[in-house]
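Secondary and tertiary structure notes
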Amino acid sequence: MQNDDGQITEPYSISAGLDYPGIGPLHAWLNKSKRASYEHATDTETLEAAFQLTRLEGIIPALESAHALAVLGKHKFKKDDVVVVTISGRGDKDMASYIKYMGEKNL
Amino acid sequence: MNRINKLFQTRKGKILSIYFTAGYPSIDSTVEILKALEAAGADMVEIGMPFSDPVADGPVIQNSSQQALNNGMSVKLLFRQLENIREQVNIPLLLMGYLNPVVHFGINEFCMKCEEVGIDGVILPDLPADVFVEEYSYDFKRHNLHNIFLITPRTTESRIHEIDKLSDGFIYMVSSASTTGARDSFSAKDVEYFSRISKMRLNNNCLVGFGVSNKKTFSQVCDYTSGAIIGSAFVKMLNEKGTGSKGIKNFIDAIRQ
């Protein structure tokens, strides 16, 4: 991530692993070469998806992976589609963010 | 002929090159500092292009870079400031900075602009030699621009020879495996490194940078190499005493006397 002068700019993400400007070049290349497609999720969508997985499966995902869970609902899958989501990390490290969200939502 | 080559042809040894960050301490100080440096007897100047993530720099140049960016310095603005510099300054001028702003500006456009305003060389510590050869050397060459390569105490002998083959102008000898920053003196181990490189009898002249700050460190490196580059100590002086030509003259005299 950079400005018009090529200076590195501060990114923002609720997840520490995505809050890093150097994360970009590899993904930018995969996107440009059309080997991968990219979608986004808001903080709220991400947190909701994380709580949903926790409730349904008893798995607390890391906030990075929760972004992937959050876009699942935006797709219309056929019954026999195979969907793989990488839960790349565990949510223990994100407890502070989860507890804050629970406080805000009275969960 | 490129002004850097001319300098090394006419002056053998004790070459003093000064680095400062463009846009520091104030946005409009670039030309004023360049003129004062030439008048004070500096042989060459490296104009720093400030970057948000200056990984090779210590605190003094880091701070000056951040301040310069806060002041509004950019590659584009720097070229605008340097538009008529060759009517006022004759010594070799180099741009030093990091790769990303240059790539973002466009390599060919950057080299073209350098030639237009009269820049003789570029130093980009985070540009790997093989990438330069494969992707950028063509544009540099056709705009009569030297890319200055860096070596450190950890660079292997075979790589130093390789870099010597690729180099034109001079080789930038980083004094230690560290970031930029003034030191009071060099250790016996540092001197051993200067001596080791000197005995390699490279085709290119070597200038030592990183850590050179005063008369003592300058003469220590001049025993083995063609001269030195002083950055942090000069930037610190600008911060303390301002950009007046008298302060700049005193700084250069103190190193040369």
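Parameters and conventions
- Residues numbered from 1 in each chain as written.
- Chains lettered and ligands numbered in written order.
- Predicted model: local features only at pLDDT ≥ 70, side-chain atom pairs only at ≥ 80, totals over all residues.
- Heavy atoms only, no water.
- Helix = DSSP H or I, 4+ residues; strand = E, 2+ residues; numbered from the N terminus.
- Rg over C-alpha atoms; globule rule 2.2 N^0.38 Å.
- Contact = heavy atoms within 4.5 Å.
- Areas by Shrake-Rupley, 256 points an atom, 1.4 Å probe, with all protein chains shown as cover.
- Core = buried A, V, L, I, M, F, W, Y, C linked by side-chain atoms within 4.5 Å.
- Buried < 20%, exposed > 50% of the residue type's maximum accessible area, 1.4 Å probe, protein only.
- 1 Å grid on protein atoms, 1.4 Å probe; cavity = no way out; pocket = protein on both sides within 12 Å on 5 of 7 lines; lining within 4 Å.
- Points joined across faces, edges and corners; volume = space filled by probe spheres on them.
- Nonpolar A, V, L, I, M, F, W, Y, C, P; charged D, E, K, R; others polar.
- Pairing = 2+ DSSP bridges.
- Axes fitted to C-alpha atoms, helices over the stretch in contact; angles between N-to-C directions.
- Patch = residues over 30% accessible without salt bridge, like charges linked within 9 Å, V, L, I, M, F, W, Y side chains within 5 Å.
- Salt bridge = Lys/Arg side-chain N within 4 Å of Asp/Glu carboxyl O.
- Buried area = accessible area lost by both parts, 1.4 Å probe.
- Phe/Tyr/Trp six-rings, centres within 6.5 Å; stacked < 30°, edge-to-face > 60°.
- Right-handed = clockwise from strand over helix to strand, strands pointing away.
- Parallel < 35°, antiparallel > 145°, perpendicular 65-115°, else oblique.
- Left-handed = near helix turned anticlockwise from the far one by under 90°.

**A few points about the overall build of chain B**
- Of regular secondary structure, chain B possesses 12 helices and 9 strands.
- Whereas a compact globule of 257 residues would reach a radius of gyration of roughly 18 Å, chain B reaches 17 Å, a difference of no more than 12%.
- Each principal axis of the C-alpha atoms in chain B carries an extent, and together these give about 45 × 40 × 35 Å.
- Counting only contacts in chain B whose residues sit at least 6 apart along the sequence, the fraction spanning at least 24 positions is 75%.
- If you sum the accessible surface of chain B, you get close to 11300 Å²; carbon and sulfur atoms cover 46% of it.

**Quick word on the nonpolar core**
- Counting 93 residues, the largest nonpolar core has L37(B), L95(B), F170(B) and F234(B) as the members making the most contacts within it.
- The biggest single contributor to this core is helix α2 (residues 30-40) of chain B, with 6 residues.
- Setting aside chain neighbours within four positions, we find L95(B) in contact with I47(B), M49(B), L78(B), F79(B), L82(B), F110(B), C114(B), I119(B), G121(B), V122(B) and I123(B).
- Listed in part, the 7 residues of the second largest apolar core include L47(A), A50(A), F51(A) and Y98(A).

**Focus on the layout of surface pockets**
Residue and element names in this part refer to chain B.
- Taken as a whole, the second largest pocket spans an internal volume of roughly 300 Å³.
- Taken together, 19 residues form the lining of the second largest pocket, with L124, P125, D126, L127 and L150 sitting closest to its centre.
- Grouping the amino acids of the lining of the second largest pocket by side-chain chemistry returns 14 nonpolar, 3 polar and 2 charged.

**Focus: the sheet that holds strand β4 (residues 121-123) of chain B**
All names here are of chain B.
- Strand order in this open sheet of 9 strands is β5-β4-β3-β2-β1-β9-β8-β7-β6, and the pairing throughout is parallel. Edge positions in the sheet fall to β5 (146-147) and β6 (150-151), since each has one partner strand and no second.
- In the sheet, strand β7 (residues 171-174) pairs with strand β8 (residues 206-209) via 4 bridges, with the strands oriented parallel. Each residue of the ladder has a partner; that of I171, found in β8, is C206.
- Relative to the sheet, helix α9 (residues 188-199) contacts β6, β7 and β8, its axis offset from that of β7 by approximately 155°.
- Contacting β1 (15-21), β8 and β9 (227-230), helix α10 (residues 215-222) runs over the sheet at an angle of about 145° to β9.

**Some points on a nonpolar patch on the surface**
- Side chains of I99(A), M102(A) and L107(A) sit close together on the surface and give an oily, nonpolar patch of about 280 Å² of accessible area.
- Its place among the elements puts L107(A) in the segment after α4 (95-105).

**Some details on empty space enclosed by the protein**
All names here are of chain B.
- In this structure the tally under the stated criterion is 2 cavities of 30 Å³ or more.
- The computed volume of the largest cavity comes to approximately 200 Å³.
- What lines the largest cavity is a set of 26 residues, and nearest its centre among them are Y19, D57, I61, M96 and T180.
- Going through the elements one at a time, β1, α3 (59-71) and β9 are the ones with two or more residues in the lining of the largest cavity.

**Describing the interface of chain B and chain A**
- Listed by partner, the interface residues are 12 residues for chain B and 7 residues for chain A.
- For the pairing of chain B and chain A, the buried interface totals around 670 Å² over both sides, and the portion due to carbon and sulfur atoms is 43%.
- Linking chain B with chain A are 0 salt bridges.
- Within the residue set of the side of chain B that touches chain A, elements represented by two or more residues are α4 (75-81) and α5 (99-105) of chain B.

**Observations concerning the pattern of salt bridges**
Residue and element names in this part refer to chain B.
- Taken as a whole and judged by the stated rule, the model has 14 salt bridges over all chains.
- With a shortest N-O distance of 3.6 Å, D43 and R11 are connected by a salt bridge. With D43 in the loop between α2 and β2 (44-48) and R11 in the loop between α1 (3-10) and β1, this pair connects stretches of sequence that are 32 residues apart.
- In this structure D43 comes out as buried when scored by relative accessible area, which is 8%.
- Among the ionic pairs, R142 bridges to D139, the shortest N-O distance being 3.0 Å. Note that R142 and D139 are positioned in helix α7 (residues 129-142) at a spacing of 3 residues, about one turn of the helix.

**Some points on the packing of aromatic side chains**
All names here are of chain A.
- Inspection of the entire model under this criterion finds 13 aromatic pairs over all chains.
- Between F51 and Y101, the ring centres sit 5.4 Å apart and the planes meet at 35°, which makes this aromatic pair tilted. Of this pair, F51 sits in helix α2 (residues 43-57) while Y101 sits in helix α4, and the two are 50 residues apart along the sequence.
- Residue F51 is classed as buried on the basis of its relative accessible area, which comes to 12%.

**Focus on the pairing of β9(B)**
Residues and elements named next belong to chain B.
- Every second residue of β9 is oriented toward a common face, with G227 and I229 on one face and A228 and I230 on the other, all of them buried.
- Sheet topology places β1 next to β9; 4 bridges connect them, and they run parallel. Bridge assignment links I15 to a residue of β9, and that residue is G227.
- As paired strands, β8 and β9 are joined by 2 bridges and run parallel to one another. Following the sheet pairing, L207 is matched in β9 by G227.
- In terms of handedness, the path from β8 via α10 over to β9 forms a crossover that is right-handed.

**Focus: the packing of α2(B) against helix α12 (residues 245-256) of chain B**
Residue and element names in this part refer to chain B.
- Where α2 meets α12, the closest approach of the two axes is 9 Å, and the angle between their N-to-C directions is 45°. Judged on the interaxial angle alone, α12 and α2 are oblique. For the element pair α2 and α12, the recorded crossing hand is right-handed. Here I33, A36, L37 and A40 of α2 come into contact with α12, specifically with S245, I248, K249, I252 and D253.

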